[in-house]
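Here is how the chains run, residue by residue.
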Amino acid sequence: KRALRTKSDEYLTSLPEMTDKRVMKIMEILKILASAVYSLGSDYVPIVTFKMIRLTLKYGRTDSSSFAISGYGLLMNAILKDVEGAYRFGQLGVSLSSKATVPQTSLLVYGYIAHWRDNIGLTLDPLLNGFMEGLKYGAIEYACYNLHSYNIHILHSG
């Protein structure tokens, strides 16, 4: 949290694109690892997320940065109970996401964060879009997660 405390949204959106191929590959591996440790209910989720944030701040933005920043928002909500901070970083992650990262970012933001602040009905279109983009870009795991969250949100929205 200290690494981001003094960083404005403008600072984070203006970070240069990451150019170090090795670090880009590490970010991709960490993104895959984050999904696995989350599915297992592991305490390593914050560690993986914070590592991705630190790499983003040090080396610049990559496609995986939107996932990391949205994941940070998820942690703010789940651990710190900071709904406004979670929403801020979730929306920041959405603004940084590319077409290829929409499924991951959409799940984190609209599946786990936005409904704590906004009407749950407002999450339906983005989750359905995350499903469709996941199918389009081969992110089948996240396409399914988006569809799962979509169905749960429909159920709870009446």
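Residues numbered from 1 in each chain as written. Predicted model: local features only at pLDDT ≥ 70, side-chain atom pairs only at ≥ 80, totals over all residues. Heavy atoms only, no water.

### Points about the overall build of the protein chain
Our working definition: Each helix is a run of DSSP H or I of at least 4 residues and each strand a run of E of at least 2, with the numbering of both proceeding from the N terminus. Throughout, the Shrake-Rupley method with a 1.4 Å probe supplies accessible areas, and for residues the shown protein chains are the sole cover considered. In this charge count, Lys and Arg are treated as positive and Asp and Glu as negative; neither His nor the chain ends contribute. We put the charge of a Lys on NZ, of an Arg on CZ, of an Asp on CG and of a Glu on CD.
If you tally the helices and strands in the protein chain, you get nine helices and zero strands. Across the protein chain, helices and strands are ordered from the amino to the carboxyl terminus as α-α-α-α-α-α-α-α-α. Taken along its principal axes, the extent of the C-alpha atoms in the protein chain is 45 × 35 × 30 Å. Accessible surface computed for the protein chain: about 8,400 Å², of which carbon and sulfur atoms make up 60%. Looking at the protein chain, you have 17 positive and 13 negative side-chain charges, and the mean spots of the two groups are 8 Å apart.

### Examining helix α3 (residues 21-39)
Quick note on the threshold: The span one expects for a helix is its residue count, reduced by one, times 1.5 Å. Here the term buried applies to any residue with accessible area under 20% of the maximum for its type, exposed to any over 50%, and partly exposed to those in between, with areas from a 1.4 Å probe on protein chains only. Any two residues whose heavy atoms approach within 4.5 Å are treated as being in contact. Here a polar contact means two N or O atoms within 3.5 Å. Within protein one must be a hydrogen donor candidate and the other an acceptor candidate, and residues neighboring in sequence count only if both atoms are side-chain atoms.
If you check α3, its first and last C-alpha atoms are 28 Å apart, about what 19 residues at 1.5 Å a residue would give, namely 27 Å. Among all positions of α3, only V23, M27, L30, K31, A34, S35 and V37 are buried. Considering only its buried residues, α3 is in contact with α4 (45-59), α5 (63-78), α7 (102-112) and α9 (140-157). At the N-terminal end of α3, a side-chain oxygen is found 2.9 Å from the backbone nitrogen of R22, two or three residues along, and the residue is D20. Just downstream of α3 lies G41, where phi reads positive at about 70°.

### Structural notes on the layout of surface pockets
Over the atoms, a rolling probe the size of a water molecule traces out where space has been left empty. As a reminder of what qualifies: Of the two site types, the cavity is a set of points on a 1 Å grid over the protein atoms alone where a 1.4 Å probe fits but cannot get out, and the pocket is an open set with protein on both sides within 12 Å along at least five of seven lines, each lined by residues with an atom within 4 Å of a point. Grid points are joined across faces, edges and corners, and a volume is the space filled by probe spheres set on the points. In the scheme used here, Gly and all other residues not listed as nonpolar or charged are polar, with Ala, Val, Leu, Ile, Met, Phe, Trp, Tyr, Cys and Pro taken as nonpolar and Asp, Glu, Lys and Arg as charged.
Estimated volume of the largest pocket: approximately 240 Å³. Forming the boundary of the largest pocket are 17 residues, of which A34, Y38, F67, L74 and L108 lie nearest the centre. Elements with a contribution of two residues or more to the lining of the largest pocket: α3, α4, α5, α7 and α9. In terms of residues, the lining of the largest pocket owes the most to one element, α5, which gives five residues. A class-by-class count of the residues in the lining of the largest pocket yields 13 nonpolar, four polar and no charged.

### Things to note about the packing of α7 against α9
Quick note on the threshold: Only the stretch in contact is used when fitting a helix axis, every axis being a line fitted to C-alpha atoms; angles between N-to-C directions are given from 0 to 180 degrees. For classification purposes, an angle smaller than 35 degrees is called roughly parallel, one larger than 145 roughly antiparallel, one from 65 to 115 roughly perpendicular, and anything else oblique. The sense of a crossing depends on the near helix, which, turned anticlockwise from the far helix by less than a right angle, makes the crossing left-handed and, turned clockwise, makes it right-handed.
Axis separation between α7 and α9 bottoms out at 9 Å; the angle between their running directions is 25°. Of the possible angle classes, the one that applies to α7 and α9 is roughly parallel. In the crossing of α7 with α9, the sense of the turn from one axis to the other is left-handed. Contacts from P103, Q104, S106, L107, Y110 and G111 of α7 reach α9 at Y142, Y145, N146, S149 and H153. Here the residues of the contact of α7 with α9 sort into five nonpolar, six polar and no charged.

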